[in-house]
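# Remarks on the overall topology
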Amino acid sequence: MSHKSFNPHHRILMGPGPSNVNPKVLTALSHATLGHLDPQFIELMDSIKQLLQYTFKTESDSTFVLSGPGSLGMEACLVNMVEPGDKVIVCTGGYFANRMVQIVEKIGGHPVVVRETWGRAIDPQKLEDALNVNADAKIVAFVHVETSTGALSDIKQLSEIAHRHNCLVVADVVTSLGAAEVSVDEWNLDAVYSCSQKGLACVAGMAPMAFSEHALYHIRNRKTPIQSWFNDLNLLLGYWSGGEKRMYHHTAPSNQFYGLHEALLILKEEGIENSWRRHKENSAKLISRLKGELDLEPIVPAGERIPHLLAIKVPDGVDEAKVRIELLTKHNLEIGAGLGELAGKIWRIGLMGYNSNEKMIDYFISALKKALDKN
Ligand SMILES: Cc1ncc(COP(=O)(O)O)c(C=O)c1O
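Below is a summary of the structure that appears in this document. The shown structure was predicted, so the numbers you read here are calculated from the model rather than taken from an experiment.

Moving on: the overall build of the protein. A count of helical and extended segments in the protein gives twelve helices and 14 strands. A compact globule built from 375 residues would reach a C-alpha radius of gyration of about 21 Å, and the protein, at 21 Å, matches this within 12%. Taken over the C-alpha atoms alone, the protein extends approximately 60 × 55 × 45 Å along its principal axes. Per-residue burial over the protein gives 57% buried out of 375 residues. Sequence-distant contacts, at least 24 apart, represent 72% of the contacts inside the protein between residues at least 6 apart.

Here's what the structure looks like:
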């Protein structure tokens, strides 16, 4: 094999993530590298923290970025919040909530699964019922936007129910942050994590996080040590919120942080509410064109749908993989396949971040028409 510099195709990323990165973010990523304790880098970290507080709609001082993907954020929230033997109610209606169950098991917690049909929002009554028969539960965990199915749950209501039963809440906002409303303080979410590669239109590998005062108190009063060194919130906050005494925790990927900072700045300049509105409006246009021009429909009922990630039923007799391959090879366009129970049955079409605009809708509809004609 001969080796040369890597120069990838310019793909249009309209799957469940990553989405395309704003060119301004790509430029920011290539600035000169700084050390992780350089005073200029510390200023950048402080600015990222404030921009994240704006994006999450929280005033929590325990808001920061974990150097790792959304899955690390999931693990970090659970490993800090759950002690061995704790009962954790996990609301699952798809692949990613199932990952939460696996993590709870790995750290010795007892998951109680509230099961929802794939493709539907979590029914709040099911959570209420589970809490009524599990009065000793300590934590309730759920996914806001279940990327595997396209369903959006009302986590404000789920959180209200959990708190009424004296539980703390762990929420996955990986696919919602930046693209759909997430209001951490108003919704009383105690531990939240997200990712950088979807609604924020940045590169993958960073997990924005926020913990409430209540969560911090809970973590600081654990009876058992946190079963992770890297994800120990006390150590992470020593780097992110240490003020004058800020301490080295790990070598932060400084160039990646430049990119995230730029992405958050772009979002702030647009205005977070305007971004949510843009995603909703473009999604409505895409749904109407899919129905009107191709007779394709989302599997998730209206009212429970993620605006910016549509799970579309593959028409009978169509080889879903062939269509995806045709889109990729002939049109440089990536869309997602179904996962788990929905493998082979749906396509997942993302219109997120930088890609949520009419030009992308036009391109996608025209390419899909051609690919369907051939298959
Ligand atoms: C809802 C949800 N949670 C967690 C993850 C894991 O994120 P990552 O792939 O960045 O580890 C994903 C990834 O798509 C996701 O959609």
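Mapped onto the elements of the fold, T58 is located in the loop between α2 (39-56) and β2 (63-66). We classify T58 as buried; its relative accessible area is 5%. At 2.9 Å, the side chain of T58 and the backbone nitrogen of S60 are in polar contact. Residue contacts for T58: discarding those within four places in its chain leaves Q53, T63, V184, D185 and A210.

Below, the discussion takes up the site of the ligand. Near the ligand, the surroundings consist of 14 residues, among which G70, S71, T147, D172 and K198 are the closest. Between the ligand and the protein, one listed contact pairs an oxygen atom with a backbone N or O atom of G70 at 2.9 Å. Q197 has a polar side-chain atom sitting 2.9 Å from an oxygen atom of the ligand. Here the element with the most residues in the shell around the ligand is helix α3 (residues 70-81); it accounts for three residues.

Attention now moves to helix α9 (residues 254-270). For α9, built from 17 residues, the straight-helix expectation of 24 Å at 1.5 Å per residue is met to within 8% by its first-to-last C-alpha distance of 25 Å. Those residues of α9 hidden inside the fold are in contact with α1 (23-29), α2, β2, α8 (233-240) and α10 (272-294). Looking at the residues trailing α9, positive phi occurs at G271, about 95 degrees.

Moving on: the packing of aromatic side chains. Given two aromatic rings, one states the distance between the centres and the angle between the planes to describe the pair. Summed over the entire model, instances satisfying the criterion amount to seven aromatic pairs. Considering the side-chain rings of Y95 and F96, the 5.1 Å spacing of their centres and the 75 degrees angle between planes classify their relative orientation as edge-to-face. An angle of 55 degrees between the planes, with centres 6.5 Å apart, marks the rings of W229 and F230 as tilted. Taken together, the ring pairs in this structure connect F41, F64, F211, Y239, W240 and F257 into an aromatic cluster. Cation over ring: K268 sits above Y54, and NZ or CZ is 5.1 Å from the ring centre.

Rules used throughout
- Residues numbered from 1 in each chain as written.
- Predicted model: local features only at pLDDT ≥ 70, side-chain atom pairs only at ≥ 80, totals over all residues.
- Heavy atoms only, no water.
- Helix = DSSP H or I, 4+ residues; strand = E, 2+ residues; numbered from the N terminus.
- Rg over C-alpha atoms; globule rule 2.2 N^0.38 Å.
- Buried < 20%, exposed > 50% of the residue type's maximum accessible area, 1.4 Å probe, protein only.
- Contact = heavy atoms within 4.5 Å.
- Polar contact = N/O pair within 3.5 Å; in protein donor to acceptor, adjacent residues only side chain to side chain.
- Near = heavy atom within 4 Å.
- Expected span 1.5 Å × (residues − 1).
- Phe/Tyr/Trp six-rings, centres within 6.5 Å; stacked < 30°, edge-to-face > 60°.
- Lys NZ or Arg CZ within 6 Å of the ring centre and 35° of its normal.

Just geometry here; none of it tells us what the structure is for.
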